[in-house]
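Tertiary structure, described
Single-letter residue listing:
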Amino acid sequence: MLDRSGRVIDGRNRLKACEIAGVEPAYTTYDGDDPDRYALSANVHRRNLTKGQIAMITAKACSLSEQSGRSPSEQSSRSLSEQLGISLGTIGKANVVLQHAPDLVDPVISGATGLNEAYAVAQENKAKANSAEVQLARLREEDPELADRVVEGDLTLAGAWAERTERVEEDKRQRRVATRLLDEVVPPLAQARGTRTFSRYDPQYASGTPITRETIAHAMTALTEMDQVWQERDLP
């Protein structure tokens, strides 16, 4: 049986036998509008298949029909379920395998792997994929640059999160250092306001490099910058 484009949709083994025996095969052209479903139905009823194999063949055939542009209503799961005598749940499992463990589709069809076994693997793959999507979305919120590198293939998701953790820890360290420095410098300076502390400054008693006008100018600039940051952050 051929489709309208000359593709064999049923009788491949008979065609091979004809070639071996040197017999000219006789062809018939299928004139319906769903050759994939025809091939499915013909092979399912002819062969001794388990329900898992039938469900997997059904899912694969439906996928091929959708890829060829046919509407979903032409190969609805409910219609196929009634036609082939298998439950919607079994077809549903096959669809999960098709989507999340495509490398197991043919082993299920051949009988090398059971549908339930393949379904368990597919569920694990699906859970991992969902988890990865959530982690990538969270990474994009926290560090878009790292998320872009993951999408571009420069970093694995695990590697990106490891780098993100390092960045967070380094940021915490820098904030601790900055906070301690300002705690040590600013409060004593504020306490010196309105006192004679400045007039009593004597360079000869300086513990380090003596304070100069340039140092004072830099300090005033730093305090101005500090005030601006405090306003932007709405700190008291």
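Procedures and definitions
Residues numbered from 1 in each chain as written. Predicted model: local features only at pLDDT ≥ 70, side-chain atom pairs only at ≥ 80, totals over all residues. Heavy atoms only, no water. Helix = DSSP H or I, 4+ residues; strand = E, 2+ residues; numbered from the N terminus. Polar contact = N/O pair within 3.5 Å; in protein donor to acceptor, adjacent residues only side chain to side chain. Contact = heavy atoms within 4.5 Å. Axes fitted to C-alpha atoms, helices over the stretch in contact; angles between N-to-C directions. Left-handed = near helix turned anticlockwise from the far one by under 90°. Nonpolar A, V, L, I, M, F, W, Y, C, P; charged D, E, K, R; others polar. Salt bridge = Lys/Arg side-chain N within 4 Å of Asp/Glu carboxyl O. Buried < 20%, exposed > 50% of the residue type's maximum accessible area, 1.4 Å probe, protein only. Patch = residues over 30% accessible without salt bridge, like charges linked within 9 Å, V, L, I, M, F, W, Y side chains within 5 Å. Areas by Shrake-Rupley, 256 points an atom, 1.4 Å probe, with all protein chains shown as cover. Expected span 1.5 Å × (residues − 1).

Moving on, we get to the side chain of Asp3. Residue placement: Asp3 occurs in the segment before helix H1 (12-21). For Asp3, the side chain forms a polar contact with the main-chain nitrogen of Arg7, separated by 2.7 Å.

Take Gln53: it is sitting in helix H3 (residues 51-67). The contacts of Gln53, once residues within four sequence positions are left out, are Val108, Ile109, Ser110 and Gly111.

A few words now on the packing of helix H7 (residues 115-142) against helix H9 (residues 157-191). Close contact between H7 and H9 brings their axes to 11 Å; oriented N to C, the two are set at 35°. With respect to the hand of their crossing, H7 and H9 are arranged in left-handed fashion. Contacts from Ala132, Gln135, Leu136, Arg138, Leu139 and Glu142 in H7 reach Leu157, Ala160, Trp161 and Arg164 in H9. Grouping the constituent residues of the contact of H7 with H9 by class yields six nonpolar, one polar and three charged.

Tallied over the entire structure, the rule returns 14 salt bridges. We note a salt bridge from Asp148 to Arg140, for which the minimum N-O separation is 2.9 Å. Overall, the relative accessible area of 33% leaves Asp148 in the partly exposed class. Residue classification places Arg140 among the partly exposed residues on the basis of a relative accessible area of 36%. For Glu142, the salt bridge identified is with Arg164, shortest N-O distance 3.3 Å. Residue Glu142 is found in helix H7, and its partner Arg164 is found in helix H9; the two are separated by 22 residues along the sequence.

What follows covers a nonpolar patch on the surface. Judged by side-chain polarity, Tyr201, Ile211, Ile216 and Met220 come together as a nonpolar surface patch covering roughly 390 Å² of accessible area. Structurally, Met220 is set in helix H10 (residues 213-232).

Before going further, it helps to examine H9. In this model, H9 (35 residues) spans 50 Å end to end at C-alpha, consistent with the 51 Å of a helix rising 1.5 Å per residue. The set of residues buried in H9 consists of Leu157, Ala160, Trp161 and Arg164. Tucked into the core, H9 has its buried residues touching H7 and helix H8 (144-152).

A word on the environment of Thr113. Here Thr113 lies in the loop between helix H6 (105-110) and H7. Distance from Thr113 to Gly52, taken between C-alpha atoms, is 9.6 Å for residues 61 residues apart in sequence. In this structure, Thr113 is in contact with Pro107, Val108 and Ala118, ignoring residues within four places of it in sequence.

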